[in-house]
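Chain residues, written in single-letter form:
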Amino acid sequence: ILGSAVNPHVVTETFASGSCAVAEGLIPAGTRKIIRFDTQTVNQGNADLFFGNPASNPLFVYAPCHAHYHFQNYMSYRLRDANGQIAATGLKVGFCVLDVFRWSGSSPPNALYTCVNQGIQQGWGDLYDSTLDGQWIDITGLPDGNYTMEMEANPLGIILESDYGNNITTIPITIGNSSAPPANNNFASAQTLLGTSPSVTGTTTNATKETNEPNHAGN
């Protein structure tokens, strides 16, 4: 399963005490500053990811406020500061896993899985829009600066996969107007790249030199 975050953006919202998000423990009531983002997961394996009827699957719990079953611990969200330390986490653990978009031309042409028969076909992907509950990390009270969002599919390893090496995706994000160094700035806390052909998107804006660091592009 390859997971990724799309279109992260910082917003300020007020959550009523009777809202589903508050009732399910996703966020405290009141005005909060959050990073909202889309989350997509694609099935790159050689077979369907199949869960079937969630009512008879112990990995699912029923969410009465949303009136459907959620797969628990399908995805985890973390925010790391410029030193690589966890600054905040997302609390969303429940997902309805289904076919939303087709990304492979060799995959079946029509969606198969739904919230009542859950799974993802080979060559298809699931998409959770940023407007949905829990598609955020609460950053209320965090200082301005450069951070890294980290999304991990199947964080507990409870889904059988042919490749677990592509389950973590990172994306840099700046909170406020910061002149702080970017994430992955220091050698001592350099990010480890995993998998057979890893890549990471980042920035050198406000990056700093360290002792004995070689020049880059003549600087």
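Coordinates for the structure precede this section.
A few points on the structure. This one's a predicted model, so the numbers in the text were calculated from it and none came from an experiment.

### Concerning the sheet that holds strand β5 (residues 68-72)
Strands pair in a sheet through their backbones, by hydrogen bonds, and they do so in one of two ways: parallel or antiparallel.
Next, step 1: Strand order across the open sheet formed by three strands is β4-β5-β8, with antiparallel pairing between neighbours. With partners counted over all chains shown, the strands left at the sheet margins are β4 (60-63) and β8 (94-95), one partner each.
Next, step 2: Across two bridges, the pairing between β5 and β8 is antiparallel. Following the sheet pairing, F71 is matched in β8 by F95.

### As for the pairing of β5
Strand residues, when the strand is regular, have side chains that alternate between the two faces of the sheet.
Next, step 1: In this sheet, β5 lies alongside β4 in antiparallel orientation, the contact comprising four bridges. Bridge pairing links A63 to H68 in β5.
Next, step 2: The hairpin turn running from β4 into β5, its antiparallel successor, is four residues long, and A67 in that turn takes a positive phi close to 60°.

### Points about the sheet that holds strand β13 (residues 145-153)
Next, step 1: Strand order across the open sheet formed by four strands is β7-β6-β13-β14, with antiparallel pairing between neighbours. The open sheet is flanked by β7 (86-89) and β14 (168-175), the only strands paired with a single partner. Neighbour-to-neighbour, the strand axes of the sheet open up by a mean angle of 25°, direction not taken into account.
Next, step 2: With eight bridges connecting them, β13 and β14 associate as antiparallel partners.

### Considering the pairing of strand β11 (residues 124-128)
Next, step 1: The buried count for β11 comes to four of five residues, which makes it a mostly enclosed element.
Next, step 2: Pairing between strand β2 (residues 30-42) and β11: four bridges, direction antiparallel. Across the sheet, residue T39 finds its bridge partner in β11, namely Y128.

### What to know about the state of the cysteines
In protein structure, a disulfide is the covalent linkage between the sulfur atoms of two cysteines.
Next, step 1: Counted by the stated rule, this structure contains two disulfides.
Next, step 2: The disulfide that involves C20 links it to C65, with 1.8 Å between the sulfurs. The disulfide joining C20 to C65 has a torsion of about -80° about its S-S bond and is therefore left-handed. Of this pair, C20 sits in helix α1 (residues 20-23) while C65 sits in the loop between β4 and β5, placing them 45 residues apart in sequence.

How each quantity is defined
- Residues numbered from 1 in each chain as written.
- Predicted model: local features only at pLDDT ≥ 70, side-chain atom pairs only at ≥ 80, totals over all residues.
- Heavy atoms only, no water.
- Pairing = 2+ DSSP bridges.
- Helix = DSSP H or I, 4+ residues; strand = E, 2+ residues; numbered from the N terminus.
- Axes fitted to C-alpha atoms, helices over the stretch in contact; angles between N-to-C directions.
- Buried < 20%, exposed > 50% of the residue type's maximum accessible area, 1.4 Å probe, protein only.
- Disulfide = S-S within 2.5 Å.

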